[in-house]
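Architecture and fold: a report
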Amino acid sequence: MKHLRHLISLLLICAVIFCFAPTAWAFCGFYVAKADTKLYNKASQVAIAHSGDRTVLTMANDYQGDVKDFAIVVPVPTVIQKEQVRIGNPKIIERLDAFSAPRLVEYYDSDPCTPIYDERVMQAAPALSAESQEKRGNSNLSLGVTVEARFNVGEYDILILSAKESSGLETWLIHNGYKIPRGAQQLLKPYIRQKMKFFVAKVNLDKFEESGYQNLRPLQISYQSPKFMLPIRLGMINAATDQDLIVYILSPKGQAELTNYRTVKVPSDANIPLFVKNEFGEFYKSMFQTAYTKEDRKVGFLEYAWDMGSCDPCSAEPLNSEELKEAGVFWLNDFPPDIYQSAPFRRSIVPNNVFITRLHIRYTRDKFPEDLIFQETSNRENFQGRYILRHPFTGEAKCQAGREYKRLLGKRFEQEAQTLAKLTNWNIQDIRKKMNLNGQGSVSWWRVLLSWIGL
């Protein structure tokens, strides 16, 4: 019991040190809401564990419709064998999303008439039969398509194809029962020129029924290649509107960034009115759209960058070692007993070290004509999309400092209103009305101006 009391005391001391130290610990606060992928109707999610020339790619599946119509065609830089493919755990993608999502935090002002150590914090603050496949074998050659590998993983029938021309590949896929949209030929052409292979999967209906799952599970592919990229152009075929893509990149080094498009930090660390607590989802969507438009719709936004061993404030617990392995992290000290034991993943063992980068890309054909190309960096600077609610002290002001604090609250509230309007393009008068209805009064701009010049 004595040891327990000592441990609790030590933890309390650490909490005090972390939350009242200068800017190095300026991320403290009470987490109250997060902007995860549930905000978007269709947000594709991809997790990439990458180190050197080795990559594990996990593709989350948000397919809606009859599973017999499902098919994916993913360009890959090399021939993929069965042992390099497995079924991923859909909960791991959910965990990565929850851990790295932009967040809303709260602070409460202390009595301005007492020593205020927290002020510094605020400022910083259907499968083909074998016979039919054989009959079509000769036509494969005439179309310039070669089946490099054929296997089944879980509920998926998978082919690895190479092709000499895009029209031949498109024709082959259609003739073999793959429902691909019109216009694929032009988008396939650049990958064929680069001599890339094609990972093609569709659902084996019998195995899917046997699995008992209601939804299709993620596919996870491991490969070795100097290309650190993510093909997105095929995803644009059916794109009637903007497409949201969330990429979680796990690296032993540091932040990952785009090399063929700019990587920009999402606006962050802004003090905003208290009523946003009940409208955080709408706030974040508006804020992101405003920033996206401002950057001419052709950047990747950094929403989170942090060492996986910690978080501050935490919107979810960091992933543990077993979860990281399921996410594809192959450089942990003890390797899992499946695909990561095979070449090229068994060469070197490095210390447990995982840095996560969350990139949010909203793309269209005209603004993102190229696939995404990434690079690892050694930058381990922490960053998060964080938005701050500051509750004012509501007690009696019994000193000069307290009276001055009360006098300046109107200016602070107006600044929060102006900040919110700038971030979201919301109407400033509507913002002020909502603030008043929530007991956080704002003042007219001209009164703020007078207070700034001392009148």
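In this numbering scheme, every chain counts its residues from 1 along its sequence in written order. In keeping with the model being predicted, local features are shown solely for residues with a pLDDT of at least 70 and side-chain atom pairs are shown and tallied solely at 80 or more, while totals for entire chains, interfaces and linings include all residues. Hydrogens and waters are ignored; side-chain quantities use all the structure's heavy atoms.

Here we take up the overall build of the chain. Helix and strand labels come from DSSP, where a helix needs a run of H or I of at least four residues and a strand needs a run of E of at least two; each type is numbered from the N terminus. A count of helices and strands for the chain gives 13 helices and 20 strands. A total of 455 residues make up the chain; the buried ones form 49% of that total. The protein chains shown are the only cover counted for residues, whose accessible areas, like all others here, come from Shrake-Rupley with a 1.4 Å probe. When the accessible surface of the chain is totalled, it reaches about 22500 Å², and 53% of it is carbon and sulfur. Relative accessible area decides the class of each residue, using a 1.4 Å probe on protein chains only: under 20% of the type maximum gives buried, over 50% gives exposed, and in between gives partly exposed.

To continue, consider unusual backbone geometry. At the junction of Asp-312 and Pro-313, the peptide bond is cis and its omega measures out at -10 degrees in the coordinates. Following the sequence through the fold, Pro-313 ends up in the loop between strand S16 (299-307) and helix H10 (321-326). Even without glycine at this site, Lys-195 takes up a positive phi of about 60 degrees. Counting through the fold element by element, Lys-195 comes out in the loop between helix H7 (184-193) and strand S9 (197-203). For Lys-195, a relative accessible area of 67% gives the class exposed. Not every positive phi belongs to a glycine, and Asn-425 is a case in point at roughly 65 degrees.

Let us now look at the sheet that holds S9. As a general point, the strands of a sheet are linked pairwise by backbone hydrogen bonds and lie either parallel or antiparallel. For two strands to be treated as a pair, DSSP must find no fewer than two bridges joining them. Within the open sheet, the four strands sit side by side as S4-S9-S8-S7. Their pairing is antiparallel. Since the sheet does not close on itself, it has two edges, and those belong to strand S4 (71-76) and strand S7 (145-153), each with one partner. Along the sheet, successive strands turn relative to each other by an average axial angle of 20 degrees, direction set aside. Throughout, a residue-residue contact means that at least one pair of heavy atoms, one from each residue, lies within 4.5 Å. Interaxial angle, 0 to 180 degrees, is taken between N-to-C directions of lines fitted to C-alpha atoms, where a helix line uses only the stretch in contact. Most of the contacts of helix H6 (residues 166-175) go to strand S8 (residues 156-163), to which it runs at about 155 degrees, and overall it touches S4, S7, S8 and S9.

Side chains of a nonpolar character, in soluble globular proteins, are inclined to be buried together. To form a nonpolar core, buried Ala, Val, Leu, Ile, Met, Phe, Trp, Tyr and Cys residues must be joined to one another through side-chain atoms within 4.5 Å. Formed by 78 residues in total, the largest nonpolar core has its most connected members in Ile-158, Phe-199, Ile-272, Phe-283, Tyr-284, Leu-372 and Phe-374. Excluding residues that lie within four positions of it along the chain, Phe-283 makes contacts with Ile-272, Val-276, Tyr-387, Leu-420, Leu-423, Thr-424 and Trp-426. Counting residues in hydrophobic clusters, the runner-up holds 23 residues, among them Ala-47, Ile-92, Leu-250 and Leu-319.

Burial analysis of S9 places six of its seven residues in the buried class, the great majority of the element. Across six bridges, the pairing between S4 and S9 is antiparallel. Across the sheet, the residue bridging to Pro-75 is Phe-198, located in S9. In the sheet, S8 pairs with S9 via six bridges, with the strands oriented antiparallel. Its bridge partner being in S9, Leu-161 is matched across the sheet by Phe-198.

Attention shifts here to the pairing of S16. With respect to burial, S16 is a largely interior element, eight of its nine residues being buried. As defined by bridge partners, strand S14 (residues 262-265) adjoins S16 across four bridges and the pair is classed as parallel. Bridge assignment links Lys-265 to a residue of S16, and that residue is Leu-302. With seven bridges connecting them, S16 and strand S17 (residues 355-363) associate as antiparallel partners. Bridge pairing in S17 links Phe-301 to His-360. Taken together, the two bridges between S16 and strand S19 (residues 383-384) define a ladder with antiparallel strand orientation. Paired with Ala-305 across the two strands is Phe-383, which belongs to S19.

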